Amino acid sequence: MLRQTTFIMAALALLVGCQSDISPIVACTPAEGMTPICGFQNPEDLAEIPDSKWLIVSQFGSMDGTRAGNLALFDRIEEQLQPAFTGGEGAVQSTWGDDDCPGAPGNSFSPHGVDLMQLASGRWRLLVVNHGSRESVEFFEVVNEEPLPRISWRGCVVGPEDAYFNDVVNLAGGGFLVTHMMPKSSESMGTLKGLLGMDTGYVLHWSGTDGFRQVAGTEAPFPNGIEVSANEAIVFVNVYMGDEVRKIRRVDGELLAKADVIRPDNITWGADGRLLVASHVDGLSELIACQGLTEGACGFEFEIVALDPVTMERTTLLNHRGPPMGAATVALQIGTRLYLGSFAGDRIAHVELAP
């Protein structure tokens, strides 16, 4: 999720006369079937450690790296948050990623999108988009041990010149796909182009042999969340400023199908094989108001949409605005429960799905 409030975004909001004041939600009490858990810092993305009670939480700092974030572990049973990686400490020599990785991220580490995958060796690899001190994808190894899982830095891949990443997904061959939103040096112009429906970015494929290469057919206005099919032949890309989720064949870039979803953020696989998309329903002025929060949470209206990966038929699972939490960026399903993260606020929340 683009967190910075640019001059152009603010100016456009004023031009259309839609200034808004979203008061922060300070009370941390359940409401409308949703239960909040507080004490977080902008928990933008979530990943489950299988066969455990733990969630990995990407606690976002800022897009420009001026505010640090961290990786944390959340105990779903005791509902307690534990620090896991704040940058640099406990780092080992780089063994994964690019041979030219300059070393572990420093204290300005600012995580964004995350993805966890078990490798053929049985080890678990966590990929994390980082904006702090460099635009990069950081590699971590996750070891599920008692009493607390261990998350250890293992390497990195620094993005190409002017890269501006958002979300990432592992590939079985050792590489990854990552969304490049727009050129980082021209964020204001990129934002304006995106709001006008013009292409601003695309998906990049990285491998240890070929480095970064643009994925055909993925040019779009602000690519955001990303997922792949089980056989990795299909890529699903959330086009945030195009209000749609695209289904694209990787081998030739053919657009196979698309679904209309208002400002789709992150995307995950649900328990029933459908894709779960966090959709931002409120307008530009509300988005700007949320970015200025200094306490509590934002009540920004959102939806959680389920997509059939074959037909791209959509079903709205949840629509919510106001307390106890809005502005959801990700929905992670565990059993019949959805865990929701947010780009703005001090909490996650969970809600039970109807049978």
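Cut-off values and rules
Residues numbered from 1 in each chain as written. Predicted model: local features only at pLDDT ≥ 70, side-chain atom pairs only at ≥ 80, totals over all residues. Heavy atoms only, no water. Buried < 20%, exposed > 50% of the residue type's maximum accessible area, 1.4 Å probe, protein only. Helix = DSSP H or I, 4+ residues; strand = E, 2+ residues; numbered from the N terminus. Pairing = 2+ DSSP bridges. Phe/Tyr/Trp six-rings, centres within 6.5 Å; stacked < 30°, edge-to-face > 60°. Contact = heavy atoms within 4.5 Å.

Engineer: Please explain the pairing of strand β19 (residues 264-269) as it appears in this structure.
Structural biologist: Along a regular strand, successive side chains alternate from one face of the sheet to the other. Of all six residues that make up β19, five are buried, and the element is covered over most of its length. With four bridges joining them, β19 and strand β20 (residues 275-280) adopt antiparallel strand pairing. Looking across to β20, one finds that Trp 269 is bridged to Leu 275. In sequence, β19 turns back onto β20 through a hairpin of five residues, with Gly 273 there showing a positive phi of about 90°.

Engineer: Is there a simple way to think about the packing of aromatic side chains in this case?
Structural biologist: Geometry of an aromatic ring pair is reported as the spacing of the ring centres plus the angle between the planes. Overall, the coordinates contain 11 aromatic pairs when judged by the stated rule. Aromatic ring contacts, followed pair by pair, group Phe 139, Phe 165, Phe 176, Trp 206 and Phe 212 into a single cluster.

Engineer: How do you make sense of the side chain of Ser 152 when you look at a structure like this?
Structural biologist: Inspection of the secondary structure puts Ser 152 in strand β10 (residues 150-158). When near neighbours in sequence (up to four residues on either side) are disregarded, Ser 152 contacts Phe 139, Phe 140 and Glu 141.

Engineer: How do you make sense of unusual backbone geometry when you look at a structure like this?
Structural biologist: Generally, phi is negative for residues other than glycine and the peptide bonds are trans, each holding for most cases. Residue Pro 147 follows Glu 146 across a cis peptide bond; omega there is 0°. Tracing the backbone through its elements, the reader meets Pro 147 in the loop between β9 (136-143) and β10. At the junction of Pro 323 and Pro 324, the peptide bond is cis and its omega measures out at 5° in the coordinates. Mapped onto the fold, Pro 324 is located in the loop between β22 (314-320) and β23 (328-334). Phi at Ser 133 is positive, roughly 70°, even though this residue is not glycine. Structurally, Ser 133 can be placed in the loop between β8 (124-130) and β9. With a relative accessible area of 60%, Ser 133 lands in the exposed category. At Asp 162, a residue that is not glycine, the phi angle is positive and equals roughly 70°. Within the fold, Asp 162 resides in the loop between β10 and β11 (165-170).

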